[in-house]
Amino acid sequence: EARGGMSGREMQGERTKRFVLPQIAPSVAAGTYEPCTFDYELALPDADKTPGRKAWTDIFRRAIPQFEKRARLQLIQDASTEEEERAAPSQAASFAKEYGAILDKLEIDPDTVIPGYEADFWRAGGRKGLSCKVMCALRETCLARLGLRDAFRQVKRKENGESLQVLGHIVAEIEALESPEDRMALALRGCFAGNLFDLGAHFSSQKYDAAEEGRKKGGGAGAEEDSFASFKATRENLPARPWLVDCLDSAVAALSSGKFKKAIVFVDNAGSDLICGIFPFCRELLKAGTSVVLAANEKPAINDVTADELLALFTRIEGAPRVRDPLLLRSAESGRLRVVNSGSDQPIIDLSAISADLADEAADADLVVLQGMGRAIESNLNASFASAVLKMGVVKHPEVALCLGGTLGDPICKFEDKATE
């Protein structure tokens, strides 16, 4: 049974969409809200003036091997017969071939509507040219045609379980600091370290695969201590400040002050991003007197956590990974920490097309937090909000870095506090 305050009518799979997040309603009404940050038709600002269409389709091409790998492993795990298990590699390869062919067609003519994928092209809302929303939707449809609604389910569960073992160490480290500002600063830095667990980006998926290979060679001994040490090393090795966009100091001061009553926190990846990054950050918000609503995807996309998976972490299910932090559990029991279905099924988010539950929850929120490259950088980076907003993530595509004038691995910490403007 779910803990009090953690459920909603859309947790049952009802797909009610087309509600607008209240904090961007003025921009939507004015016709200025554009979720996607980058125009895929514009040439990149490099020496060769690389055509945008080629550059952005290449981002999706580079990720195909990781998706093929995860699809193969998930199909093998789900197989009920030896025949199904033997067929898994060829099925996963068929996804790679199909999606690669789609990207080839779109690179030649971005206005082509591919038969069988019409619903995915409707995501563009009638706009011409390539769209991140459409390309993500096409990829998920390709996977769904294999019967794979969640190709990353296995790795998400594994990473959630391992990260929960580390959470207590991270919390103890933060709690050892005396001032709320120091605790919030360390928690926020942890959000950037955690955000590097992203299997949808070639840059970070390579790092993950290398780390996994190292664990296998090490035999798994001292895994919990090694995971904590690895997380600390990642956090300590973040680029030197100032970052590409660096509002960390003002964010720390405002978020630790207790001025905010309610925060909507859009979460990103499962595993260390959520558990080692967002959970300790949310603990500090709760301690500052801010109630927290965690907004997660309705349906799977890459290794992003879904609302159902997030809710399950606070539910007593035999043998399943579960949060044991007393403060988080008490907050869930009291309703000060809740989970809501965002209505999204993509690694980016269009805040003009959210669920009814999220729109209701956000009505009285005075703070919005967008975590991750997809929700805070590739979408919504330039969006104007009527409330305070924190947009944070790590740049994991070279094309994104080039367009923003930064480098791979750069943190983005953009905080806008309407109360002080």
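Structural data are supplied above this passage.
An account of the accompanying structure is given in this report. Source: prediction; values computed, not measured. (Residues numbered from 1 in each chain as written. Predicted model: local features only at pLDDT ≥ 70, side-chain atom pairs only at ≥ 80, totals over all residues. Heavy atoms only, no water.)

### Observations regarding the nonpolar core
- Leu255, Phe279, Phe281 and Leu310 are the most contacted members of the largest nonpolar core, which totals 59 residues.
- In terms of residue count, helix α11 (residues 272-287) provides more of this core than any other element does, nine residues in total.
- Once you skip the residues sitting within four places of it in the chain, leucine 310 turns out to touch Val267, Leu274, Phe279, Leu294, Ala296, Val305 and Val339.
- Counting 47 residues, the second largest nonpolar core, distinct from the first, contains Ile59, Ala96, Phe121 and Ile302. (Core = buried A, V, L, I, M, F, W, Y, C linked by side-chain atoms within 4.5 Å. Buried < 20%, exposed > 50% of the residue type's maximum accessible area, 1.4 Å probe, protein only. Helix = DSSP H or I, 4+ residues; strand = E, 2+ residues; numbered from the N terminus. Contact = heavy atoms within 4.5 Å.)

### Brief notes about the sheet that holds strand β3 (residues 291-296)
- Strand order in the open sheet formed by seven strands is β1-β7-β6-β5-β2-β3-β4, and the pairing between neighbours is mixed. At either margin of the open sheet sits one strand with a lone partner, and together these are β1 (245-246) and β4 (337-341).
- In the sheet, strand β6 (residues 388-394) pairs with strand β7 (residues 411-416) via six bridges, with the strands oriented antiparallel. If you follow valine 389 over to β7, its bridge partner there is glutamate 416.
- Each of β5 (367-371), β6 and β7 is contacted by helix α7 (residues 180-194), which is oriented at about 45° to β6, the strand it contacts most. (Pairing = 2+ DSSP bridges. Axes fitted to C-alpha atoms, helices over the stretch in contact; angles between N-to-C directions.)

### Section: helix α2 (residues 52-78)
- Between its terminal C-alpha atoms α2 stretches 38 Å, which fits the 39 Å expected from 27 residues at 1.5 Å a residue.
- Helix geometry: α2 is bent most strongly at isoleucine 64, by close to 35°, with proline proline 65 lying one to four residues after it. (Expected span 1.5 Å × (residues − 1). Bend = angle between axes of the 7 residues up to and from the residue.)

### Digging into the side chain of serine 355
- Within the secondary structure, serine 355 is located in the loop between β4 and α14 (356-362).
- When its relative accessible area of 0% is taken as the criterion, serine 355 is described as buried.
- Among the polar contacts made by the side chain of serine 355, one reaches the main-chain amide nitrogen of leucine 358 at a distance of 3.1 Å. (Polar contact = N/O pair within 3.5 Å; in protein donor to acceptor, adjacent residues only side chain to side chain.)

### Here's the deal with the environment of arginine 53
- Tracing the sequence through the fold places arginine 53 in helix α2.
- Placed 14 residues apart in sequence, arginine 53 and aspartate 39 show a C-alpha to C-alpha distance of 9.2 Å.
- Sequence-distant contacts of arginine 53, that is, excluding residues within four places in its chain, are made with Tyr40, Glu41, Leu106, Glu107, Ile108, Asp109, Pro110 and Leu130.

### A short note on the packing of aromatic side chains
- Under the criterion given, the structure shown has seven aromatic pairs.
- Both rings, one in phenylalanine 192 and one in tryptophan 243, keep their centres 5.0 Å apart while their planes meet at 65°; by these two values the pair is edge-to-face. Taken together, the residues span a long stretch of sequence, with phenylalanine 192 in helix α7 and tryptophan 243 in the loop between α9 (223-236) and β1 at a distance of 51 residues. Both residues of the pair, phenylalanine 192 and tryptophan 243, belong to the buried class. (Phe/Tyr/Trp six-rings, centres within 6.5 Å; stacked < 30°, edge-to-face > 60°.)

### Focus: the pairing of β3
- With six of six residues buried, β3 is to be regarded as a mostly interior element.
- Along β3, one buried face is formed by Ser291, Val293 and Ala295 and the opposite face, lined by Val292, Leu294 and Ala296, is buried too.
- Assessed by its sense of winding, the connection that carries the chain from strand β2 (residues 262-266) through α11 to β3 is right-handed.
- Across five bridges, the pairing between β3 and β4 is parallel. Directly across from valine 292, in β4, lies its bridge partner leucine 337. (Right-handed = clockwise from strand over helix to strand, strands pointing away.)

### Digging into the packing of helix α6 (residues 153-175) against α11
- Two elements in contact, α6 and α11, have axes whose closest approach is 8 Å; the angle formed by their N-to-C orientations is 40°. As for how α6 packs across α11, the hand of that crossing is right-handed. Packed against α6, whose contacting residues are Asn160, Ser163, Leu164, Val166, Leu167, Ile170, Val171, Ile174 and Glu175, the element α11 presents Ser272, Ile275, Cys276, Phe279, Pro280, Arg283, Glu284 and Lys287 at the interface. (Left-handed = near helix turned anticlockwise from the far one by under 90°.)

### Structural notes on the pairing of β5
- Where burial is concerned, most of β5 is hidden: five out of the five residues are buried.
- Across the two faces of β5 the burial is the same, with Leu367, Val369 and Gln371 and Val368 and Leu370 all buried.
- Where β2 meets β5, four bridges bridge the pair, whose relative direction is parallel. What sits directly across from isoleucine 264, in β5, is valine 368.
- Note: β5 against β6, five bridges, orientation parallel. Its bridge partner being in β6, valine 368 is matched across the sheet by valine 389.

### Some words on the pattern of salt bridges
- In the structure shown here, the tally under the stated rule is 29 salt bridges.
- Of the charged contacts, one joins lysine 262 and glutamate 361 as a salt bridge, the two residues approaching to 2.8 Å between their closest N and O atoms. Of this pair, lysine 262 sits in strand β2 while glutamate 361 sits in helix α14; the two residues are 99 residues apart in sequence, bridging distant segments of the chain.
- Take glutamate 361: its relative accessible area is 17%, and that puts it in the buried class.
- A single network of salt bridges, built from pairs that share partners, joins Glu175, Arg183, Arg283, Glu284, Lys287 and Asp325. (Salt bridge = Lys/Arg side-chain N within 4 Å of Asp/Glu carboxyl O.)

### Structural notes on the side chain of serine 379
- For serine 379, the position within the fold is in the loop between α15 (373-377) and β6.
- The class of serine 379 is buried, set by a relative accessible area of 0%.
- A distance of 2.6 Å separates a polar side-chain atom of serine 379 from the backbone oxygen of glycine 374.
- A polar atom in the side chain of serine 379 sits 3.3 Å from the side chain of asparagine 380.

### Things to note about unusual backbone geometry
- Omega for the bond connecting arginine 241 with proline 242 falls within 30 degrees of zero, at 5°, which places this linkage in the cis form.
- Position of proline 242 among the secondary structure elements: in the loop between α9 and β1.
- Positive phi, close to 50°, is recorded for isoleucine 302, a residue that is not glycine.
- In this fold, isoleucine 302 is placed in the loop between β3 and α12 (307-312).
- For isoleucine 302, a relative accessible area of 7% corresponds to the buried category.
- A positive phi angle is found at asparagine 380, which is not glycine, with a value near 70°.
- Within the fold, asparagine 380 resides in the loop between α15 and β6.

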